[in-house]
Amino acid sequence: MDVIKIGVVTASDRASAGIYEDISGVAIMDTLKEYLRNELDFFYRCIPDEREEIERALKELAYEEGCDLIVTTGGTGPAPRDVTPEATEAVCQKMMPGFGELMRQVSLQYVPTAILSRQTAGICHKSLIVNLPGKPKSIRECLDAVFPAIPYCIDLIGGRYMVADEKVIEIFRPQGK
């Protein structure tokens, strides 16, 4: 079974300064450990809400580390320092707007402010980048919604083969794939 390389980027001024613990990045890693039977190799970054730093981290994880999946948390709202979607779009060759659409749709079932979220996803080199919200509960709700499509997307862009724990989450691959 392939070892899956996963980048986790927390964009947070306060967490990167040590003012509080980054529970969002940990929530992403814990959730992916539950979902996948593969051995996972995590590449973790906790950085300030600075567009240039986010872009640099995303490119490093995609091009230098060769991550199959890069998941970000934080910086997806309307506040002036929320720049993760802009950084993601700047480094991606293809955008995957369906991810953000589905995550907002799911989140709207829980909170009306989900409409303020600007989460997106895209392909950078051979990596799928997915922007997630900052709260662990919302991270899980969004990942539960979009993850069934992630392994097949990674197949299509030439990434390593993900094997899900079907007792936890069912993934979808077209028949014969």
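Please refer to the structure higher up on the page.
Below: a short report on this structure.

About the criteria used
- Residues numbered from 1 in each chain as written.
- Predicted model: local features only at pLDDT ≥ 70, side-chain atom pairs only at ≥ 80, totals over all residues.
- Heavy atoms only, no water.
- Helix = DSSP H or I, 4+ residues; strand = E, 2+ residues; numbered from the N terminus.
- Rg over C-alpha atoms; globule rule 2.2 N^0.38 Å.
- Buried < 20%, exposed > 50% of the residue type's maximum accessible area, 1.4 Å probe, protein only.
- Contact = heavy atoms within 4.5 Å.
- Areas by Shrake-Rupley, 256 points an atom, 1.4 Å probe, with all protein chains shown as cover.
- Lys, Arg positive; Asp, Glu negative; His and termini not counted.
- Charge placed at Lys NZ, Arg CZ, Asp CG, Glu CD.
- Phe/Tyr/Trp six-rings, centres within 6.5 Å; stacked < 30°, edge-to-face > 60°.
- Lys NZ or Arg CZ within 6 Å of the ring centre and 35° of its normal.
- Patch = residues over 30% accessible without salt bridge, like charges linked within 9 Å, V, L, I, M, F, W, Y side chains within 5 Å.
- Salt bridge = Lys/Arg side-chain N within 4 Å of Asp/Glu carboxyl O.
- Pairing = 2+ DSSP bridges.
- Axes fitted to C-alpha atoms, helices over the stretch in contact; angles between N-to-C directions.
- Parallel < 35°, antiparallel > 145°, perpendicular 65-115°, else oblique.
- Left-handed = near helix turned anticlockwise from the far one by under 90°.
- Nonpolar A, V, L, I, M, F, W, Y, C, P; charged D, E, K, R; others polar.

1. Remarks on the overall build of the protein chain
Scanning the protein chain from terminus to terminus reveals seven helices and six strands. Across the protein chain, helices and strands are ordered from the amino to the carboxyl terminus as β-α-α-β-α-β-α-β-α-β-β-α-α. For 177 residues, the compact-globule estimate of 2.2 N^0.38 gives 16 Å, and the C-alpha radius of gyration of the protein chain, at 15 Å, lies within 12% of that figure. Across its three principal axes, the protein chain shows a C-alpha extent of roughly 45 × 40 × 30 Å. Relative to its full complement of 177 residues, the protein chain shows a buried share of 50%. Within the protein chain, residue pairs in contact and separated by at least 24 positions form 73% of the contacts whose partners lie at least 6 positions apart. For the protein chain, the exposed surface amounts to about 8,600 Å²; the carbon and sulfur share of it is 53%. Here the protein chain contributes 20 positive and 27 negative side-chain charges, whose respective centroids are spaced 3 Å apart.

2. Looking at the packing of aromatic side chains
One pass over the structure, following the stated rule, counts one aromatic pair. Taken together, a centroid distance of 4.8 Å and an interplanar angle of 45° make the contact between Y35 and F147 tilted. One end of the pair, Y35, is in helix α2 (residues 23–35); the other, F147, is in the loop between α6 (136–146) and α7 (150–156), with 112 residues separating them in the sequence. In terms of burial, Y35 and F147 fall into one category: buried. Seen from the ring of Y161, R173 lies directly overhead, with NZ or CZ sitting 3.9 Å from the centre.

3. As for a nonpolar patch on the surface
Among the surface-exposed residues, L108, I115 and L116 lie close enough to one another that they form a single nonpolar patch of about 300 Å² accessible area. For L108, a relative accessible area of 41% corresponds to the partly exposed category.

4. Topic: the sheet that holds strand β2 (residues 40–47)
Spatially, six strands are ordered β2-β1-β3-β6-β5-β4 in an open sheet, and the strand pairing comes out mixed. Each edge of the open sheet is held by one strand with a lone partner, namely β2 and β4 (94–95). Alignment of β4 against strand β5 (residues 121–124), held across two bridges, turns out to be antiparallel. Residue pairing across strands places M95 opposite G122, the latter belonging to β5. Contacts between helix α3 (residues 51–64) and the sheet are confined to β1 (4–11), β2, β3 (69–73), β5 and β6 (127–132), with β2 contributing the most and set at about 165° to the helix. In the packing of helix α4 (residues 84–91) onto the sheet, the strands contacted are β1, β3, β4, β5 and β6, and the crossing angle to β6 comes to about 165°.

5. Quick notes on unusual backbone geometry
Glycine aside, residues mostly have negative phi, and peptide bonds are mostly found in the trans state. A positive phi angle, close to 60°, is found at H125, a residue other than glycine. Note on placement: H125 falls in the loop between β5 and β6.

6. A few points about the packing of α3 against α4
Axis separation between α3 and α4 bottoms out at 9 Å; the angle between their running directions is 45°. By the criterion of interaxial angle, the relationship of α3 to α4 is oblique. In the packing of α3 onto α4, the handedness of the crossing is right-handed. In contact with R51, I54, E55, L58 and K59 of α3, α4 contributes T84, E86, A87, T88, A90 and V91. In terms of residue class, the contact of α3 with α4 is made up of five nonpolar, two polar and four charged.

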